[in-house]
Amino acid sequence: MTTAIIGVGNIGSTLARQLVGGGEPVIVAAKDEAHAETLANELGPLARAASVEEAIASADAVVLAVWLDTTKELIAKHASLLARKVVVDPSNPVGFDAGGQMSRTLPADQSAGSVVAALLPASAHYVKALGTLSAPTLASGANREPRAVLFYATDDETAAATIERLIRAAGFEPLKAGGVADAGRIEAPGGDLHQFGFNGELVDLDQARAALAARKVTA
Ligand SMILES: NC(=O)c1ccc[n+]([C@@H]2O[C@H](COP(=O)([O-])OP(=O)(O)OC[C@H]3O[C@@H](n4cnc5c(N)ncnc54)[C@H](OP(=O)(O)O)[C@@H]3O)[C@@H](O)[C@H]2O)c1
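Residues numbered from 1 in each chain as written. Predicted model: local features only at pLDDT ≥ 70, side-chain atom pairs only at ≥ 80, totals over all residues. Heavy atoms only, no water.

### A word on the packing of helix α1 (residues 10–21) against helix α2 (residues 33–43)
Any two packed helices are characterised by how steeply their axes cross, that is the angle between the axes, and by the distance between the axes.
Part 1 of the argument: The contact between α1 and α2 brings their axes to 11 Å, and the two run at 25°. Relative to α2, the element α1 is oriented roughly parallel. Here α1 and α2 pass one another in a crossing that is right-handed. On α2, the residues that touch S13, A16, R17 and V20 of α1 are L39, E42 and L43.
Part 2 of the argument: Looking at the contact of α1 with α2 residue by residue, the class counts come to four nonpolar, one polar and two charged. (Axes fitted to C-alpha atoms, helices over the stretch in contact; angles between N-to-C directions. Helix = DSSP H or I, 4+ residues; strand = E, 2+ residues; numbered from the N terminus. Parallel < 35°, antiparallel > 145°, perpendicular 65-115°, else oblique. Left-handed = near helix turned anticlockwise from the far one by under 90°. Contact = heavy atoms within 4.5 Å. Nonpolar A, V, L, I, M, F, W, Y, C, P; charged D, E, K, R; others polar.)

### Side note on the packing of aromatic side chains
Part 1 of the argument: Counting across every chain of the model gives two aromatic pairs.
Part 2 of the argument: Their ring planes at 90° and their centres at 6.1 Å tell us that W67 and F96 sit as a pair that is edge-to-face. Here the residue W67 occupies a position in the loop between β4 (61–64) and α4 (68–82), and F96 occupies one in strand β6 (residues 94–96), the gap between them amounting to 29 residues.
Part 3 of the argument: Ring geometry for F151 and F198: centres 6.4 Å apart, planes at 5°, overall stacked. You can see F151 sitting in strand β9 (residues 149–153) and its partner F198 sitting in the loop between β10 (173–178) and α8 (205–214), a full 47 residues away along the chain. In this pair, the class of F151 matches that of F198, namely buried. (Phe/Tyr/Trp six-rings, centres within 6.5 Å; stacked < 30°, edge-to-face > 60°. Buried < 20%, exposed > 50% of the residue type's maximum accessible area, 1.4 Å probe, protein only.)

### Section: the nonpolar core
Part 1 of the argument: In terms of nonpolar packing, the biggest core is built from 37 residues, with I5, V28, L130, I163 and F172 touching the most fellow members.
Part 2 of the argument: For this core, the secondary-structure elements that each account for two or more residues are α1, β2 (26–29), α2, β4, β5 (86–89), β8 (125–129), β9 and α7 (157–169).
Part 3 of the argument: By residue number, the principal contributor to this core is α7, which donates six residues.
Part 4 of the argument: Excluding its chain neighbours within four sequence positions, the residues that come into contact with I163 are V88, V127, A129, L130 and Y152.
Part 5 of the argument: By size, the runner-up hydrophobic cluster in this structure holds 25 residues, among which are I27, V52, V87 and A124. (Core = buried A, V, L, I, M, F, W, Y, C linked by side-chain atoms within 4.5 Å.)

### Side note on the site of the ligand
Part 1 of the argument: Around the ligand, the structure places 24 residues, and the nearest of them are V8, I11, D32, H35 and V66.
Part 2 of the argument: H35 has a polar side-chain atom sitting 2.7 Å from an oxygen atom of the ligand.
Part 3 of the argument: For the ligand, an oxygen atom lies 2.7 Å from a polar atom in the backbone of V66.
Part 4 of the argument: Contributions of two or more residues to the shell around the ligand are made by α1 and α4.
Part 5 of the argument: A class-by-class count of the residues in the shell around the ligand yields 13 nonpolar, nine polar and two charged. (Near = heavy atom within 4 Å. Polar contact = N/O pair within 3.5 Å; in protein donor to acceptor, adjacent residues only side chain to side chain.)

### Quick notes on the side chain of T71
Part 1 of the argument: Here T71 shows up in helix α4.
Part 2 of the argument: In this view, T71 contacts L64, V66 and V116; residues no more than four positions away in its chain are not counted.

### A look at the sheet that holds strand β1 (residues 3–6)
Part 1 of the argument: The strand order β3-β2-β1-β4-β5-β8-β9-β10 describes an open sheet built from eight strands, whose pairing is mixed. Two strands in the sheet have a free side with no partner beyond their single neighbour: β3 (47–49) and β10. Sheet twist, expressed as the average angle between the axes of neighbouring strands with direction ignored, equals 25°.
Part 2 of the argument: Inspection of the sheet shows β2 paired to β3 by three bridges, in the parallel sense. Looking at β3, one finds that I27 is bridged to R48.
Part 3 of the argument: Packing against the sheet, α1 makes contact with β1, β2, β3 and β4, and its axis sits at approximately 160° to β1. (Pairing = 2+ DSSP bridges.)

### Topic: the pairing of β4
Part 1 of the argument: Here β4 shows two buried faces, one formed by A61 and V63 and the other by V62 and L64.
Part 2 of the argument: Across three bridges, the pairing between β4 and β5 is parallel. Following the sheet pairing, A61 is matched in β5 by V86.
Part 3 of the argument: Where the polypeptide runs from β4 across α4 and back to β5, its parallel neighbour, the crossover connection is right-handed. (Right-handed = clockwise from strand over helix to strand, strands pointing away.)

The structure is reproduced here in structure tokens:
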């Protein structure tokens, strides 16, 4: 299985590093191809850089590690290439003002996951995942004992099997939070199963299962 990671910023580069560390081949792409090439060179033989188009076409799974507006643009541009692919969406509905203050970019009752899933071709296997931790926590939280949980949300069994494999390869324990209708629970701001909903802490499987069962949607 080959995973394309579109975007090599905070999340994309961390994830690429972790997947390669877990033995998964990756193809990385960015707006500026030189950024992807620099990362691929650092990661060695399991990684290569490509254009966005080639990366999507060559991969079984595609992680859209870009901001939500860019995700929308990329889906519009590459819809036919995304057909039948597993599409992993870590986006949170957040923007930043000039002072660096974070704010929500979608209405409180609308998740980024519901927006992205609705834009994809019907044959794509959509999963919301890999955006539940801040990038520094994602980087530092892998391969703990017991493993830290990464929640995911999907209505699709193929997507679930693939993201479980990728989350394990990255050094975490996967746990399904629900379907796309539950994506808001694992997004920030407001999701009770996002890292911010745990006061910034990582959770292990027992803690995550308890939270999944006990907490109500607050987003
Ligand atoms: N940062 C976090 O702590 C965090 C945590 C959870 C979830 N997320 C989510 O993860 C996503 C990425 O966040 P980030 O912090 O990693 O962003 P980032 O550091 O700003 O990186 C964005 C990446 O997107 C690439 N990009 C922009 N336009 C593109 C295009 N048209 N085609 C291909 N690539 C394009 C950029 O390419 P260049 O390198 O060429 O500029 C860059 O590599 C966001 O949706 C965010 O909500 C972030």
